[in-house]
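Spelled out, the chains give:
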Amino acid sequence: QVQLVESGGGLVQAGGSLRLSCAASGRAISAYNMGWFRQAPGKERAFVAAISRSSGSTFYVNSVKGRFTISSDNAKNTVYLQMNSLKPEDTAIYYCAADSSFLVSQNLRMYDYWGQGTQVTVST
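The present account deals with the structure reproduced in this document. Note that this is a predicted model, so its numbers are computed, not measured. (Residues numbered from 1 in each chain as written. Predicted model: local features only at pLDDT ≥ 70, side-chain atom pairs only at ≥ 80, totals over all residues. Heavy atoms only, no water.)

1. A look at the overall build of the protein chain
Phase 1 of the analysis: Each helix and strand in the protein chain was counted, giving zero helices and eleven strands.
Phase 2 of the analysis: Going residue by residue from the N terminus, the α and β elements of the protein chain occur as β-β-β-β-β-β-β-β-β-β-β.
Phase 3 of the analysis: The C-alpha radius of gyration computed for the protein chain amounts to 13 Å, which stays within 12% of the reference 14 Å derived for 124 residues, consistent with globular compactness.
Phase 4 of the analysis: Once the C-alpha set of the protein chain is aligned to its principal axes, its extents read approximately 40 × 25 × 25 Å.
Phase 5 of the analysis: For the protein chain, buried positions account for 43% of its 124 residues.
Phase 6 of the analysis: Within the structure as shown, the protein chain displays about 6200 Å² of accessible surface, and the carbon and sulfur contribution to it stands at 48%.
Phase 7 of the analysis: When the 11 basic and 7 acidic side-chain charges of the protein chain are each reduced to a single mean position, those positions are 3 Å apart. (Helix = DSSP H or I, 4+ residues; strand = E, 2+ residues; numbered from the N terminus. Rg over C-alpha atoms; globule rule 2.2 N^0.38 Å. Buried < 20%, exposed > 50% of the residue type's maximum accessible area, 1.4 Å probe, protein only. Areas by Shrake-Rupley, 256 points an atom, 1.4 Å probe, with all protein chains shown as cover. Lys, Arg positive; Asp, Glu negative; His and termini not counted. Charge placed at Lys NZ, Arg CZ, Asp CG, Glu CD.)

Written out as structure tokens, the structure is:
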């Protein structure tokens with residue numbers, strides 16, 4: 001199985017940028033579809049972005065399209081989430097997750113392994 005550790009969160013002003021990293025150990029991320037999810041206070045955990053293990057295709061929730069970019073570096077066994085033009089509504093705990101299914105999914109129940117999360121706070 002794979003272990004996931006997120007980093008890169010923090011406090012940033014609206015309009016700023018952050019890059020989240022998800023370092024994997026125990027197994028190569030190339031064996032998984034990788035996703036980022038977020039959970040804002042009082043809300044359910046929700047899909048943000050995913051990258052397919054087979055094709056490298058990327059998928060985003062509409063609210064982050066054009067602002068966020070998911071990528072992976074197999075040599076470093078790390079997945080990234082570059083977040084630009086951040087908005088206060090992006091404030092949440094961000095989680096990295098791995099899914100061993102064949103098809104990439106936006107459904108968090110399909111993901112088998114999760115990191116501990118990293119806090120992102122966007123101030124006005």
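Don't stop here, the text continues.
2. What to know about the nonpolar core
Phase 1 of the analysis: By size, the foremost hydrophobic cluster in this structure holds 29 residues, and its most contacted members are Met34, Trp36, Leu81, Met83 and Tyr94.
Phase 2 of the analysis: Counting only elements with at least two residues in this core, the list comes to strand 3 (18-25), strand 4 (33-39), strand 5 (46-51), strand 7 (68-73), strand 8 (78-83), strand 9 (92-99) and strand 11 (118-123).
Phase 3 of the analysis: Beyond its immediate sequence surroundings of up to four residues, Tyr94 is in contact with Glu6, Leu20, Trp36, Phe37, Arg38, Val48, Phe68, Leu81, Met83, Gly117, Thr118 and Val120.
Phase 4 of the analysis: Phe37, Phe47, Ala50 and Ala97 belong to the second largest nonpolar core, which has five residues in total. (Core = buried A, V, L, I, M, F, W, Y, C linked by side-chain atoms within 4.5 Å. Contact = heavy atoms within 4.5 Å.)

3. Observations concerning the sheet that holds strand 7
Phase 1 of the analysis: Here four strands make up an open sheet; going across it, the order is 1-3-8-7 and the pairing antiparallel. The sheet is open, and its two borders are formed by strand 1 (3-7) and strand 7, each paired with just one other strand. Recorded for the sheet is a direction-independent mean angle of 15° between the axes of neighbouring strands. (Pairing = 2+ DSSP bridges. Axes fitted to C-alpha atoms, helices over the stretch in contact; angles between N-to-C directions.)

4. A closer look at the pairing of strand 11
Phase 1 of the analysis: Only one face of strand 11 is buried: it carries Thr118, Val120 and Val122, and the other face, with Gln119, Thr121 and Ser123, is open.
Phase 2 of the analysis: With four bridges connecting them, strand 2 (residues 10-13) and strand 11 associate as parallel partners. Paired with Val12 across the two strands is Val122, which belongs to strand 11.

5. A few points about the side chain of Arg67
Phase 1 of the analysis: Looking at where Arg67 falls in the secondary structure, it is placed in the loop between strand 6 (58-60) and strand 7.
Phase 2 of the analysis: Those residues within four positions of Arg67 in sequence are excluded, and the remaining contacts are Gln82, Met83, Asn84, Ser85, Leu86, Lys87 and Asp90.

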